[in-house]
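# Observations on chain architecture
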Amino acid sequence: MMKPGTRLKSAVCDAEIMIIKIAESDDLTCGGHLMAEAPEKTEGDADSMHGCLIGKRYVNAEETIEVLCVKSGDGSLYYEGQELMTKDTKKLPSSD
Amino acid sequence: MNIALLLQMAAEACPDRCALTHDGRHYTFSELYNGAERAAHHFLAAEVKFVALMDVSSPAVPIALMGAAMAGVPYAPINYRLSEAQLKPLLDRISPAYLITGEEVPERQGWVVQSSEEFMNIVLAGENPDLTWHDDPSAVAVQLFTSGTTGEPKAALLRHEHLVSYILGSVEFMGAGEDEAALVSVPPYHIAGISAVMSNIYACRHIVQLPNFDPEIWLALCAEESVTSAFVVPTMLSRIIESLQQSAMESEALASLRSIAYGGGKMPVPVIENALALLPGVNFTNAYGLTETSSTITLLDPDDHRAALEQSDGPISARLGSVGRPLPAVEIEIRDEGGAVMPPLQSGEIYVRGPQVSGEYEGRSVLDDAGWFPTRDAGYVDEEGYLFLSGRADDVIVRGGENISPGEIEDLLHQHGAVSDVAAVGVPSEEWGETIALAVVTKAGQIITEDGLRELIRQHLRSSRVPEMIHFVSELPYNETGKLLRREVRQWFATEAI
């Protein structure tokens, strides 16, 4: 289980994420390899390298997991084998 | 989860973009980030319990806020206008602290005291320390002293998870274009001053600081720095509008200004109507929030303003006096005194729930079992969920965005030998939102003058506590349980309210 606020790095690229919504499983990968706090660097799987972008929020179809990309990378994010997609957030006017 | 992440991401995505302008000097996002890292190193070395800032806005504000977050030390901004007697107990409560201030303070053991300039000198240069962030979402990020109903300041605690939830839920990362600039004129010890720093940094929007609000300088800075957005309290807006109407300033000078957000007190409808008419190209947003809710919880957006203006009558037109609808992650309920949830259009106390809501003071949470926070504000929602405020559930006077406890003034005057009884109440004012009115009962055979009372309050409290109106009366109205009927006192002044 990964708690909100947990920060993880990609093993294959520069990407870093922070968990927003609690994830039941630890099966979160980037570029085909498990993300970790200090992962050992390795080569990414060529078909899992669609990139992830800083500031975007990523969810699975059921929205049982949500992560925030805090550093862009070349790898793409997967949770329990399912590729995560960017979440559409409502744009609000600036209030501060 | 740590609020310093907001600055880290901005520095990662646009390191060389201008992040802040103060007194004509510019700072990039990477300069702020590196400054915060060095600040964190100094805070840790000082082994203090708090990082406190008691000064006007300067680049030291975002750097100390973010540096304290990295170091895992709570940040406690303090009002620099407090009298010595008010300040001492607050400093006792944050001891030992790393205090950044321009004021003279008595020496205290274990404290580091620096001016904003000295602090900036040591954080803007030198090696970057090897720093591991303190990363606990439930750690206290900010402790803000609010003026409570009893007059004794309460320390509201905002944890990293509350503040980060607020920003992630309301601001799009790098949502600002490179040409955007936000004029920030709210003081750094106000929740709006904290949220302005965090929101604009996460949006990667250039902040232009105006340390001491003045309508002429505000307008001049807008033109000079091509300001595109600003947050103001109602009093500031009314003075800006006044100044704009009086000055020969061409409206092209404000051509860059696209949006104004306002909040921090009740906006008189004539003021916002005037503003909308005078600045037709500007998008207005009304934001309602409290310290304990990490700033904004409801918004009346620009489309709501326009829709309200187009109607001359009816519920949509009335929304110009509303604070709008809750943010996506925020829920609002109106409850009566017994706790029952009220239907639309019925007044009661406003309760709020959501991940940004802290509702916690030093060691004490006031959230109920289901996580709802009683705001102590009274109001109702219309059929479409728009929230209307009808005043404080308690009797705090909100003058120009500043909360003033009547007890503070009454306590002082009760000490006056010639005063038998006294009540301070807030009465509506177009300029200040609310202004202070005083009803005084004089002891038999004694004489007090209005000027004498005003001078006493000015000396012991602050000029903002000096009443606009004073009535001498034979007695004050109480109910059978001895509770002062403030509503009746307010009515005495209602006819001459300005």
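The structure this text deals with has already been given above.
Quick look at the structure, then. Source: prediction; values computed, not measured. (Residues numbered from 1 in each chain as written. Chains lettered and ligands numbered in written order. Predicted model: local features only at pLDDT ≥ 70, side-chain atom pairs only at ≥ 80, totals over all residues. Heavy atoms only, no water.)

### Considerations on the packing of aromatic side chains
All names here are of chain B. In this structure the tally under the stated criterion is six aromatic pairs over all chains. Seen in terms of ring centroids, Phe43 and Tyr98 are 4.8 Å apart; in terms of plane orientation they differ by 75°. Their pairing is edge-to-face. With Phe43 in helix α2 (residues 29-46) and Tyr98 in strand β5 (residues 97-101), the pair connects residues that are 55 residues apart, well separated along the chain. Its relative accessible area of 1% is what places Phe43 among the buried residues. Through successive ring pairs, a cluster of aromatic residues spans Phe43, Tyr98 and Phe119. Across the ring face of Tyr361, the terminal group of Lys154 is positioned such that the distance to the ring centre comes to 4.5 Å. The cationic tip of Arg335 hangs over the ring face of Tyr351; the distance from NZ or CZ to the ring centre is 4.0 Å. (Phe/Tyr/Trp six-rings, centres within 6.5 Å; stacked < 30°, edge-to-face > 60°. Helix = DSSP H or I, 4+ residues; strand = E, 2+ residues; numbered from the N terminus. Buried < 20%, exposed > 50% of the residue type's maximum accessible area, 1.4 Å probe, protein only. Lys NZ or Arg CZ within 6 Å of the ring centre and 35° of its normal.)

### Observations regarding the nonpolar core
Membership of the largest hydrophobic core comes to 127 residues, with the highest contact counts inside it found for Ile3(B), Tyr75(B), Phe119(B), Trp218(B), Leu237(B) and Phe284(B). Those residues in contact with Ile3(B) that sit more than four places away from it in its chain are Leu65(B), Met66(B), Ala69(B), Ala141(B), His160(B), Leu163(B), Val164(B) and Met198(B). Grouped together as the second largest cluster of nonpolar side chains are 20 residues, Ala15(A), Ile17(A), Tyr58(A) and Val67(A) included. (Core = buried A, V, L, I, M, F, W, Y, C linked by side-chain atoms within 4.5 Å. Contact = heavy atoms within 4.5 Å.)

### Observations regarding the interface of chain A and chain B
On the chain B side, the residues contacting the 19 residues of chain A number 34 residues. For the chain A and chain B pair, buried surface summed over both sides reaches about 2000 Å², with 62% attributable to carbon and sulfur atoms. When the area that chain A buries against chain B is broken down by residue, the three leading residues are Leu92(A), Ser95(A) and Asp96(A), summing to 33%. Salt-bridge contacts for Glu172(B) lead to Lys91(A); the nearest nitrogen and oxygen are separated by 3.9 Å. (Buried area = accessible area lost by both parts, 1.4 Å probe. Salt bridge = Lys/Arg side-chain N within 4 Å of Asp/Glu carboxyl O.)

### A closer look at helix α11 (residues 302-310) of chain B
All names here are of chain B. Within α11, burial applies to Pro302, Asp304, His305 and Ala308. Axial view of α11: buried residues confined to an arc of 160°, hence all on one face. Looking at α11, the residues exposed on the side facing more than 90 degrees away from the buried face are Asp303 and Glu310. Lining the buried residues of α11 we find β12 (259-262), α10 (269-278), β13 (283-290), β14 (295-300) and α12 (315-318). The backbone nitrogen of Asp303 has a side-chain oxygen 3.1 Å away, supplied by the residue at the start of α11, namely Asp301. (Arc of directions from axis to C-beta. Polar contact = N/O pair within 3.5 Å; in protein donor to acceptor, adjacent residues only side chain to side chain.)

### So, the environment of Met342(B)
Residue and element names in this part refer to chain B. By secondary structure assignment, the location of Met342 is in the loop between β16 (331-335) and β17 (348-353). Met342 gets classed as buried once you look at its relative accessible area, which sits at 18%. Measuring from C-alpha to C-alpha, the distance between Met342 and Ala39 comes to 49 Å, with 303 residues separating the pair along the chain. Contacts of Met342, omitting those with residues within four sequence positions, involve Ile334, Arg335, Asp336 and Ser347.

By themselves, these observations are geometric and do not establish any function.
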